[in-house]
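# Tertiary structure, described
Each chain, letter by letter, is given below.
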Amino acid sequence: MPKNIHITKKYTKVIDNPIALFWFYILVNMAPSLYFAITQPIDIIGKLVIILFPLGLYMTIFSLFKNSGAWLLLCFPLIFLHAFQIVLFYLYGEDVIAADMFLNVATTNTSEINELLGSLLPSIVLVCALYIPPLVLAILQWKKKNYLDRFFRRQTLRPALLLLMASLLLSFFSVNKNTGSFAFKHEVYPINTLYNLQFAVNKWNRIKQYPETSKDFYFQAHRKDTQHTERQIYVLVIGETSRADNWQLYGYNRKTTPNLRNQNNLYVFEDALTQSNTTHKSVSIILSDVEAKDYNNIYQKKGIIQAFKEAGFKTICLSNQAENASFIEFFTKDADIYKTIRTTDTKTGITVNHYDEELVALMEEEIEQNSGDLFILLHTYGSHFNYMERYPSEFKNFVPDQVNSVSRSYRKELVNAYDNTILYTDFFLSKTIKSLEQTQAKVALLYTSDHGEDLFDDNRNKFLHASPTPTYYQLRIPFIMWFSDGYINQNTSRMHAVGQNRKKPISTNTVFHTMLHAAHIQTDYLKQELSLVSETLVTEPRMYLNDHDIAVPYLKMNLKKEDFDMLEKNNIQE
Ligand SMILES: [Zn+2]
């Protein structure tokens, strides 16, 4: 009994002490900033700014009103940002909440979130332990009318303002070691997060207006070889989260691509990188002629399906991805025939899980029902987390693949499950090719993935993709083309070019131009210097589309020693 009394007494004391609560509120608000100060690649003065500015800011905010409890509750959106930020630290180890991250939240669905939630559990527990107590204390404080006195508030406001001024001054002498500059909107939390949120909201609004801003766009595309007699089919297969390093075709020591390994007429592009590690950006680059360098033109443009349509092809899009109100949806729904097998329950938001091979049967049906020349887009779900759900049981080749929690201790199981998804992708692609072979048409097929994936590969313990700072494993993707005998026989110079180009450094910005050029489509928007079936392919330093939609050479994307080691080991060029 005495023990209980003691605890109650102590608790009552804290709640009765508004000054102690004031500092406690500030401390919990400072948590993300302290972590930033440790992890950001910034000089020591910059690190001081990262701490002093938010300290001054929160001291100012909390000394403005006597009821600091109510004030903390009003600041709940800020607490929510802190929580989001800490979960991201747990997931990626560094980086501010990116604009793309806000957009990913807006474009994801309940199933994807559910699949991810389990892996984030430790960070969610941490966030609750950190922020529920101050919120409870704030309610109690408000209820008890335990307010800060005027003297303390006035006494605190002065140093708080001084801290703000000092941090502004010091920022002139601060440097981010990667960019060589220092800006509050990029470096100082929570300013950087709020800036990214505002950037994301603006972008979201622009995306919403896309149907209007792009409505008058045409490629003025037409076909050069109208004399052909045989049917032509051009197929673009977009993979999901597939990384080249786990493909046997790319030198992996496991037999993950046994079918493709023995596939005739297959061309493997050995050095391919994505221009973005984020699905909605990467796929929109794959599906259009915009690239990292001119991404902002996307709001006025249309996609590859429109170009094929204008050139007289019947266009078919078959998807195993949920619709998500991004450019992917705009571009794919332009098709004459659009079907998605990944339907969402409107009430629960849960999607029904389908395996990619269902797309092949659908494709066969469409090829049979639609005579004439076709452009077919297959948007797969490939190796998207949760890996175990991407393949049927017959593809449980690498075991154990049962992942009970996402952590380094389950790396073996995670990699096994991931490798099974590649094995299944190999099966899916070879089945697609077989089915296309049987049509007797002239066929060109291109497969690439939107981005790769981290799988606890090194001491950084990175997992998944879409981190604001990419990694080697997220950047390097498989990129293959297959041609039917009929196509090869009639396109000698294009095939010669493919043979020459397959060792060159390429990016996802080549897809649009390669497909159009392969199909003999002409438009002013076709750049033969980006076509892999062109002898005039030009290679230049590869670009990456950063979080603010600016093109940056991928080597300047804050890659780490572990990444550079892998780039060198696999002979990946600039
Ligand atoms: Zn993706």
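Look a little higher up for the structure.
These numbers were taken from a predicted model, which means no experiment stands behind them. As a convention, each chain's residues are numbered from 1 in the sequence order in which they are written. Only residues with pLDDT of 70 or above have their local features reported here, since the model is predicted, and side-chain atom pairs are shown and tallied only from 80 upward, although totals for entire chains, interfaces and linings are computed over all residues. Hydrogens and waters are ignored; side-chain quantities use all the structure's heavy atoms.

### With respect to the pattern of salt bridges
A side chain of one charge can pair with a side chain of the opposite charge if their charged atoms are brought near each other. When a carboxyl oxygen of Asp or Glu lies within 4 Å of a side-chain nitrogen of Lys or Arg, that pair is called a salt bridge. Tallied over the full model, the rule gives 28 salt bridges. In this structure, glutamate 270 engages arginine 502 in a salt bridge whose closest nitrogen and oxygen atoms are separated by 3.4 Å. In this pair, glutamate 270 sits in the loop between β3 (266–268) and β4 (272–273) while arginine 502 sits in the loop between α20 (492–501) and β12 (506–507), placing the two residues 232 residues apart along the sequence. Partly exposed describes any residue whose relative accessible area lies between the buried limit of under 20% and the exposed limit of over 50%, with all areas from a 1.4 Å probe on protein chains only and scaled to the type maximum. Judged by its relative accessible area of 27%, arginine 502 falls in the partly exposed class. Because the salt bridges share partners, they merge into one network encompassing Asp100, Lys203, Lys281 and Asp549. A run of DSSP states H or I qualifies as a helix once it reaches four residues; a run of E qualifies as a strand once it reaches two. Both are numbered from the N-terminal end.

### Description of the nonpolar core
Put simply, buried Ala, Val, Leu, Ile, Met, Phe, Trp, Tyr and Cys residues joined by side-chain atoms within 4.5 Å make one nonpolar core. Judged by nonpolar contacts, the single largest core of 160 residues is most densely connected at Tyr234, Leu236, Ile304, Phe308 and Phe375. In this structure, this core is formed jointly by two domains, domain 1 (2–172 + 183–206) and domain 2 (225–255 + 269–401 + 421–569), each of which donates at least three residues. By the convention used here, residues are in contact when the closest approach between their heavy atoms is within 4.5 Å. Discounting residues that sit within four places of it in the chain, phenylalanine 308 has contacts with Tyr234, Phe313, Thr315, Phe375, Met515, Leu516, Ala519 and Ile521. Membership of the second largest hydrophobic core comes to twelve residues, among which are Tyr544, Val552, Met557 and Met566. These domain limits were set by an automatic method or by a database of domain assignments.

### Thoughts on the coordination of the zinc ion
In this description, a donor is an N, O or S atom within 2.8 Å of the metal centre, a cutoff extended to 3.2 Å for sodium, potassium and calcium. Water is not part of the atom list, which can make sites seem incomplete. For the zinc ion, the protein coordination sphere consists of Glu240 (OE), Thr279 (OG1), Asp450 (OD) and His451 (NE2), at 2.0 Å. Every donor counted, the four donor atoms about the zinc ion form angles of 98 to 131° at the centre, which fits tetrahedral coordination. Counting along the primary sequence, the residues that act as donors to the zinc ion give the motif E-x38-T-x170-D-H. With a gap of 171 residues between them, threonine 279 in helix α13 (residues 279–286) and aspartate 450 in the loop between β8 (442–449) and β9 (454–455) connect regions that are remote in the sequence. The residues threonine 279 and aspartate 450 share a single accessibility class, namely buried. Four donors are marked tetrahedral only if all angles between them lie between 85 and 135 degrees, whereas four are marked square planar and six octahedral if opposite donors are more than 155 degrees apart and the other angles lie between 65 and 115; the remainder are marked irregular.

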